[in-house]
Amino acid sequence: MTSTVSHAILLQLGEQYGLPLYIYDAATIIRQIGRLKRAFTVPHLEIRYACKALTTQAVLDLIYLEGCGMDTVSQGEMFMALRAGVPSSQISFTPSGVMLSEYMYALERGIHVHVDQWHVLEWIDRHYPGASVTLRFNPGIEAGGHSKLQVGRDGSKFGFQAQDLDVLKAFTDNLSLRISGVHMHLGSDIGSSGHFDEAYSILLDIAMRWKDTLQHVDVGGGFKIPYHPDDHALDMDSFGESVSQRFRAFCAGIGRDVTLILEPGKYLVSEAGHILMEVSGVRGGGERPMAFVASGFNHFVRPMNYDAYHHILNLSNPTGAIVRQDVVGYLCETDTFATDRMLPEIRQGDVLCLMNAGAYGYSMASNYNARPRPAEVMVYPDGRAVLIRRAETMDDLLQTDMLMNT
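Residue indices begin from 1 for each chain and proceed along its sequence in written order. Note on the predicted model: pLDDT of at least 70 is required for a residue's local features to be given, and 80 or more for side-chain atom pairs to be given and counted; whole-chain, interface and lining totals, by contrast, use all residues. Side-chain numbers here rest on the full set of heavy atoms in the structure, without hydrogens or water.

Concerning the pattern of salt bridges
Stated precisely, the cut-off is as follows: We define a salt bridge as a side-chain nitrogen of Lys or Arg found within 4 Å of a carboxyl oxygen belonging to Asp or Glu. Only runs of H or I of at least four residues qualify as helices and only runs of E of at least two qualify as strands under DSSP, and these elements are numbered from the N terminus. Only protein chains enter the calculation, and the probe is 1.4 Å; a residue is then buried if its accessible area is under 20% of its type maximum, exposed if over 50%, and partly exposed in between.
Taken as a whole and judged by the stated rule, the model has 15 salt bridges. For the salt bridge of Glu 241 with Arg 248, the shortest nitrogen-to-oxygen distance reads 3.3 Å. Between Asp 326 and Arg 288 there is a salt bridge whose closest N-O contact spans 2.6 Å. You can see Asp 326 sitting in strand E14 (residues 322-328) and its partner Arg 288 sitting in the loop between strand E11 (273-283) and strand E12 (290-293), a full 38 residues away along the chain. Its relative accessible area of 9% is what places Asp 326 among the buried residues. Taken together, the shared-partner salt bridges in this structure form one network comprising Glu 287, Arg 288 and Asp 326.

Details of the pairing of strand E18 (residues 385-389)
Under the convention used in this document: Two strands make a pair as long as DSSP finds a minimum of two bridges between them.
Where strand E17 (residues 375-379) lies against E18, 4 bridges are found, and the strand directions are antiparallel. Each residue of the ladder has a partner; that of Met 378, found in E18, is Val 386. In sequence, E17 turns back onto E18 through a hairpin of 5 residues, with Gly 383 there showing a positive phi of about 95 degrees.

Side note on the confidence of the model for the protein chain
This is how the line gets drawn: Summary of the metric used: pLDDT quantifies the predictor's per-residue confidence within the range 0 to 100. Residue contacts follow a heavy-atom distance rule, with two residues in contact if any of their heavy atoms lie within 4.5 Å.
Here the protein chain averages 92 in pLDDT, while 93% of its residues score no lower than 70. Contacts of residues 142-153 to residues separated by more than four positions or lying in other chains number 43 contacts, the stretch itself having pLDDT below 50.

A few points about the packing of helix H2 (residues 26-39) against helix H9 (residues 236-254)
Selection criterion: Angles here are taken between N-to-C directions and fall from 0 to 180 degrees, while the axes themselves are lines fitted to C-alpha atoms, restricted in helices to the stretch in contact. Between 65 and 115 degrees an angle is taken as roughly perpendicular, under 35 as roughly parallel, over 145 as roughly antiparallel, and anywhere else as oblique. Crossing handedness is defined as follows: a turn of the near helix away from the far one that is anticlockwise and smaller than a right angle gives a left-handed crossing, while the clockwise case is right-handed. Residues are sorted three ways: Asp, Glu, Lys and Arg are charged, Ala, Val, Leu, Ile, Met, Phe, Trp, Tyr, Cys and Pro are nonpolar, and all the rest, Gly among them, are polar.
Two numbers describe how H2 lies on H9: the axes approach to 8 Å, and their chain directions differ by 40 degrees. Here H9 runs oblique to H2, going by the angle between their axes. Viewed along their axes, H2 and H9 form a crossing whose handedness is right-handed. Contacts between H2 and H9 involve Arg 35, Leu 36 and Ala 39 from the first element and Met 236, Asp 237, Gly 240, Glu 241 and Ser 244 from the second. In terms of residue class, the contact of H2 with H9 is built from 3 nonpolar, 2 polar and 3 charged.

This is the structure:
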């Protein structure tokens, strides 16, 4: 939950670019990448940013310049990764239930595809014989910060099921495809290394089935970061060393080195992000004061979608008396950022900062209630603050509507 951008700079940028406003700290993103690189000591490591977390082009550019590839889930994300200069050999396509035309887009550009459906394997074998693909598996382990984030549990739509392993191996043996990797993603916001240990054991056992053609093992991401001041992060140094030891032993067991791939998304960008919101009014009475902000889940949906806790700072009154308050948005919906939260007294006109807003913030924003999306600013380590996306205007929305109705 740390950032190198001071409260004074946040307020200054809010005044300069208007509110609400997304602000990203490039130094935090760079720090998180460095932590992963130091923690995992394997013969070959690739970090592929799960860019669905935040697809803003300047963020993709920065992450690629720091030596990372991209994991994508759509044709649009593949296009943006290529536009950032990422070589196709460092891009993976890990979709769920997409049309075959998106696989075609990837394969025609040399982007490596992950497959977890039988008909897709058959289609690729027929149209791209000899292609190299990775198989995605579901480890059947329930882990993650919220049930909607537990994508590796039984019943999840993601990945081939473990009980189908023998049939799948026989099936792929009769195809021309080269099974060059195995993949899984356990979930998001996982703070216990025990869940990862169990899942990675399953994945490495699966990988042995295709050891003769294996080039990489992709263990996904989902590493926990702190949201609450008293919260903990996954101990990346000890976790990385544990995984590295296990992976080096696996490579020794098959008699050659293969690549370990990580797919961090939230881990790289969440702590880098802030969203600033102005208080439009405060209502007294009831159980406690209710502060209304001129923003809503159209700009940041995680508290409403995942019951996510996000720490809130009162930048305008940081030393005010601590009061139990609610913070709600301006949409014609139940639109709550915080309930029963102890905060410095909030007043009309104050600027609040919602922390850990880098992941699944702007990338999930919408124009619900016909409201424009905010601007985005990047603060670089040398102190430069750069507008990387301007705020939308009502003219933008009207023009879109006009185009759709011509």
